[in-house]
Amino acid sequence: MNGNLIELISVAQESTWNSWAVQYFFFIGLSIGGVLLTTPGLLFRRPGWTSVTRLALLVAVTAGLVAPVALLADLHQPARFYRFYLNFTPTSWMSWGAFLLPTYLLSLSLFALQALYRDTDGRQPLTRAAALVTSLLAAGIALYTGSEMGILISRELWQVGWLVPGYLISGLAGATGLALVLNTLFSLASRADNRLLSRSLGLLLLLSALWVAAWVSAGYLNLSGSGAALLRLMVEYQPTESLLLWIGLGLLLPLLLSLFNHPLLHVMTGLLALFGAWMVRWAMFIGGQGIPKNGAGFYPFDLPPGTEGVLGILGSFGLWLAALIVIRTLLSHYKPRAWA
Amino acid sequence: MDSSRRKFLATVAATVTTPVADRASAARHARTNRDKPRWVMVVDLRKCIGCQACTVACSTENRVPVGQYRTLVNQYEVEQEGKPRSAMLPRLCNHCENPPCIPVCPVQATYQRSDGIVVVDNTRCVGCAYCVQACPYDARFINHETQTADKCTFCVHRVEAGLLPACVETCVGGARIFGDIKDPDSEVSRLIASFDTKGLKPELKTRPQVYYIGLDNRLQHKIEGVPGPWTKTANFEQEALS
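Keep in mind that this is a model prediction, so the values were computed, not measured. (Residues numbered from 1 in each chain as written. Chains lettered and ligands numbered in written order. Predicted model: local features only at pLDDT ≥ 70, side-chain atom pairs only at ≥ 80, totals over all residues. Heavy atoms only, no water.)

A.B. asks: It is not clear to me how the nonpolar core should be interpreted in this structure. Could you clarify?
C.D. replies: What tends to happen in soluble globular proteins is that the nonpolar side chains get buried as a cluster. Counting residues in each nonpolar core, the largest one holds 119 residues, and the members touching the most others are Y104 and W246 of chain A. Beyond its immediate sequence surroundings of up to four residues, Y104 of chain A is in contact with I28, S31, I32, V35, T134, L137, A138 and I141 of chain A. (Core = buried A, V, L, I, M, F, W, Y, C linked by side-chain atoms within 4.5 Å. Buried < 20%, exposed > 50% of the residue type's maximum accessible area, 1.4 Å probe, protein only. Contact = heavy atoms within 4.5 Å.)

Structure, rendered in structure tokens:
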């Protein structure tokens, strides 16, 4: 901090992408993570992945149902969302996303219908095709969400090259964590599946850790402006949120816990990984908007208690839970062999 | 009437009425395209006293909600030759030649007019705030009342009526000068030609069209220093003005 320059009159800039945007990125990240988690079983035909594949798809569908609600809620004029569909703008990643998202969700719904209801063992070629198409669309979602933020020249922290893989890996980790939690809690849980998920989660968390380490190092070595901004965010501006919550509780602790094979620990590991996937997005959005474009210091963010804030976050989790209950109940009823 | 205002009105009058009859004058102006001006602003920081009259005038003219600003004069204490000095920096939308905010709008609600002014159609804007994020100059915000993107418009409604933007009209020190950069005889053109003017964040290649005279290097980019005490904008409950 240069003590020779003092800001006398300045105004903190409000953040405009708030809790709802974080919720959208979180749930869509879980959804695409869930879809990509079906690929070992359905595309690469790895043995032992059948029930995990179904669980991953359940995660993908339930999260995919909540995501568009959160996205609409973040618009300040949500009733005008139809405008997206009247005015395709190829220069805007958000415009691409507006078309990509419903396409992905449609593909996901059909994939879920096929793999959760019609062909629960995943043997038919149609199931494989559905997995492939939906996975490609999921990759497209990862690309568009990271690029949407990353191409902006106004915020140094947001860079496409770091955000796209970061959101992808953390989304996969979050989805795996959620699958692990669900598997442990469902009556049909098998220890083999838990071990598989736990191992996969450990691997994904390790990848996440490597990603953060690479980004921070690039910043420390002055190779990356966004890395330098991230370092500043972690060390100077928001050490509690970034170091303690995101890296500590959300990344390193679940990584450590994933090495142990106890059901109670599995639930903790999964929940912490889920928290980590949420926290990285919180850090990018809220932390990122707190770093002034023009001013000095850091703009603090007040999380409002109402529907734009805490209640909104809780509400979206509640909606997810409702979706899970409804879908699992339907599946148990119509496909008891696989789900009851 | 101030000389810059007189010259400005002459520019507007000549643009909107029939071509100038005087041949010499016509020859001198033949190079410029008088049908399409390019509006720019020059901010002479030697004259800014930080009175915020422009902030208030703009806020009143454009019904900007309290706590939000289309223009604002930042004030800094900088060290010059070992002594503390006040430095003013009026900030507003730069109406860039290469605006980063326009391509990102997913519904094409924001656009740049042929005279260079960047505006928002707030009947179309969905309030996604992508343009607010995209602007490197904190020029845009989501208007609390309209829930759409908002920014300085160079008072386009006044300019079209042959008036100056509110901030220019009211500037006590005569620090804000507005005019057509395509007219070589305009006050802005003369100032830009005579002084070494600077735009904010030139490395971003936005080609901002607000030219500062006497801008300190330390203020040209993100400010590194002791932050101001205003960490929150107060949200006052306010009824609509009509």
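A.B. asks: What am I meant to see in the sheet that holds strand β1 (residues 6–9) of chain A here?
C.D. replies: Whether parallel or antiparallel, the strands of a sheet pair through hydrogen bonds between backbone atoms. With respect to topology, 3 strands assemble into an open sheet ordered β1(A)-β2(B)-β3(B), the strand pairing being antiparallel. Across the chains shown, the open sheet's two edge strands, defined by having one partner strand only, are β1 of chain A together with β3 (83–91) of chain B. Averaged over all adjacent pairs, the angle separating strand axes in this sheet is 30 degrees, with direction ignored. Inspection of the sheet shows β1 of chain A paired to strand β2 (residues 72–80) of chain B by 3 bridges, in the antiparallel sense. Bridged to I9 of chain A within β2 of chain B is Q75 of chain B. (Pairing = 2+ DSSP bridges. Helix = DSSP H or I, 4+ residues; strand = E, 2+ residues; numbered from the N terminus. Axes fitted to C-alpha atoms, helices over the stretch in contact; angles between N-to-C directions.)

A.B. asks: Any chance you could explain the pattern of salt bridges here in plain terms?
C.D. replies: When the charged atoms of two side chains with opposite charge come close together, those side chains can pair. The full count for this structure, using the stated rule, is 12 salt bridges over all chains. Measuring nitrogen to oxygen at the nearest pair gives 3.7 Å for the salt bridge that ties R158 of chain B to E169 of chain B. Within this pair, whereas R158 of chain B is found in helix α5 (residues 156–159), its partner E169 of chain B is found in helix α6 (residues 166–170), the two being separated by 11 residues in sequence. Judged by its relative accessible area of 33%, E169 of chain B is partly exposed. K222 of chain B is the salt-bridge partner of E224 of chain B, the closest N and O atoms lying 4.0 Å from each other. Residue class for E224 of chain B comes out partly exposed when judged on its relative accessible area of 34%. Each of the salt bridges in this network shares a partner with another, and the network as a whole consists of R232 and E236 of chain A together with K222 and E224 of chain B. (Salt bridge = Lys/Arg side-chain N within 4 Å of Asp/Glu carboxyl O.)

A.B. asks: Any chance you could explain the packing of aromatic side chains here in plain terms?
C.D. replies: We describe a pair of aromatic rings using the distance from one ring centre to the other and the angle between the two ring planes. Counting across every chain of the model gives 22 aromatic pairs over all chains. With a centroid separation of 4.9 Å and 90 degrees between ring planes, the pair formed by F88 of chain A and W96 of chain A is classed as edge-to-face. Members of the aromatic cluster, joined through ring pairs, are W17, Y24, F25, W158, Y167 and F285 of chain A together with Y130 of chain B. Here the basic side chain of R155 of chain A rests over the ring of W158 of chain A, its NZ or CZ set 5.3 Å away from the ring centre. (Phe/Tyr/Trp six-rings, centres within 6.5 Å; stacked < 30°, edge-to-face > 60°. Lys NZ or Arg CZ within 6 Å of the ring centre and 35° of its normal.)

A.B. asks: I tried to follow a positive patch on the surface on my own but got confused; where do I start?
C.D. replies: Residues and elements named next belong to chain A. A cluster of like positive charges, contributed by R46, R191, R195 and R199, occupies part of the molecular surface. Topologically, R195 is positioned in helix α8 (residues 191–220). By relative accessible area, which is 39% here, R195 ends up partly exposed. (Patch = residues over 30% accessible without salt bridge, like charges linked within 9 Å, V, L, I, M, F, W, Y side chains within 5 Å. Areas by Shrake-Rupley, 256 points an atom, 1.4 Å probe, with all protein chains shown as cover. Lys, Arg positive; Asp, Glu negative; His and termini not counted. Charge placed at Lys NZ, Arg CZ, Asp CG, Glu CD.)

A.B. asks: How should the packing of helix α7 (residues 160–185) of chain A against α8 of chain A be read in this particular structure?
C.D. replies: A pair of packed helices is characterised by two quantities: the angle between their axes and the separation of those axes. Residue and element names in this part refer to chain A. Viewed as axis vectors pointing N to C, α7 and α8 meet at an angle of 155 degrees, and their least axial separation amounts to 9 Å. As judged from the angle between their axes, α7 and α8 are roughly antiparallel. Relative to α8, α7 is oriented so that their crossing is left-handed. Of the residues that constitute the contact of α7 with α8, the class distribution is 17 nonpolar, 10 polar and 1 charged. (Parallel < 35°, antiparallel > 145°, perpendicular 65-115°, else oblique. Left-handed = near helix turned anticlockwise from the far one by under 90°. Nonpolar A, V, L, I, M, F, W, Y, C, P; charged D, E, K, R; others polar.)

A.B. asks: What is the right way to read the interface of chain A and chain B from this model?
C.D. replies: Size of an interface, as often reported, equals the accessible area lost when the parts are brought together. At the junction of the two partners, chain A supplies 53 residues and chain B supplies 59 residues. Of the roughly 5000 Å² buried between chain A and chain B, counting both surfaces, carbon and sulfur atoms make up 52%. Together, L5, I9 and N294 of chain A form the three largest contributors to the area buried by chain A at its contact with chain B, with a combined 15%. On the surface where chain A and chain B come into contact, there are 1 salt bridge. As a salt-bridge pair, E224 of chain B and R232 of chain A come within 3.0 Å of each other at their nearest N and O atoms. Taken together, chain A and chain B are joined by 37 residue pairs in polar contact (both at pLDDT 80 or more). With 4 residues, the top contributor of residues to the side of chain A that touches chain B is β1 of chain A. Residue composition of the side of chain A that touches chain B, grouped by class: 24 nonpolar, 19 polar and 10 charged. (Buried area = accessible area lost by both parts, 1.4 Å probe. Polar contact = N/O pair within 3.5 Å; in protein donor to acceptor, adjacent residues only side chain to side chain.)

A.B. asks: Even after reading the chapter, I still don't get the sheet that holds strand β9 (residues 210–213) of chain B, so can you show me in this structure?
C.D. replies: All names here are of chain B. Strand order in this open sheet of 3 strands is β8-β1-β9, and the pairing throughout is mixed. With one partner strand each, in any of the chains shown, β8 (176–180) and β9 form the two edges of the open sheet. Strand-to-strand twist across the sheet, computed as the mean angle between neighbouring axes with direction ignored, equals 20 degrees. Against the sheet, helix α7 (residues 187–194) contacts β1 (39–44), β8 and β9, and its axis sits at roughly 110 degrees relative to β8.

A.B. asks: Just to check I follow, could you spell out empty space enclosed by the protein for this structure?
C.D. replies: Rolled over the atoms, a probe sized like a water molecule indicates the empty space that remains. By the definition in use, this model includes 9 cavities of 30 Å³ or more. The space that makes up the largest cavity amounts to roughly 480 Å³. Lining the largest cavity are 34 residues, with V11, A12 and Q13 of chain A together with D138 and R140 of chain B sitting closest to its centre. Contributions of two or more residues to the lining of the largest cavity are made by β2, α4 (130–134) and β6 (141–142) of chain B. Ranked by residues supplied to the lining of the largest cavity, first place goes to β2 of chain B with 3 residues. By residue class, the composition of the lining of the largest cavity is 13 nonpolar, 13 polar and 8 charged. (1 Å grid on protein atoms, 1.4 Å probe; cavity = no way out; pocket = protein on both sides within 12 Å on 5 of 7 lines; lining within 4 Å. Points joined across faces, edges and corners; volume = space filled by probe spheres on them.)

A.B. asks: Is there a simple way to think about the pairing of β9 of chain B in this case?
C.D. replies: Both faces of the sheet carry side chains from a regular strand, because those side chains alternate between them. Residues and elements named next belong to chain B. Where burial is concerned, the two faces of β9 agree: the one with V210 and Y212 and the one with Y211 and I213 are both buried. Where β1 meets β9, 4 bridges bridge the pair, whose relative direction is parallel. Each bridged residue has a counterpart across the sheet, and for V42 the counterpart in β9 is Y211.

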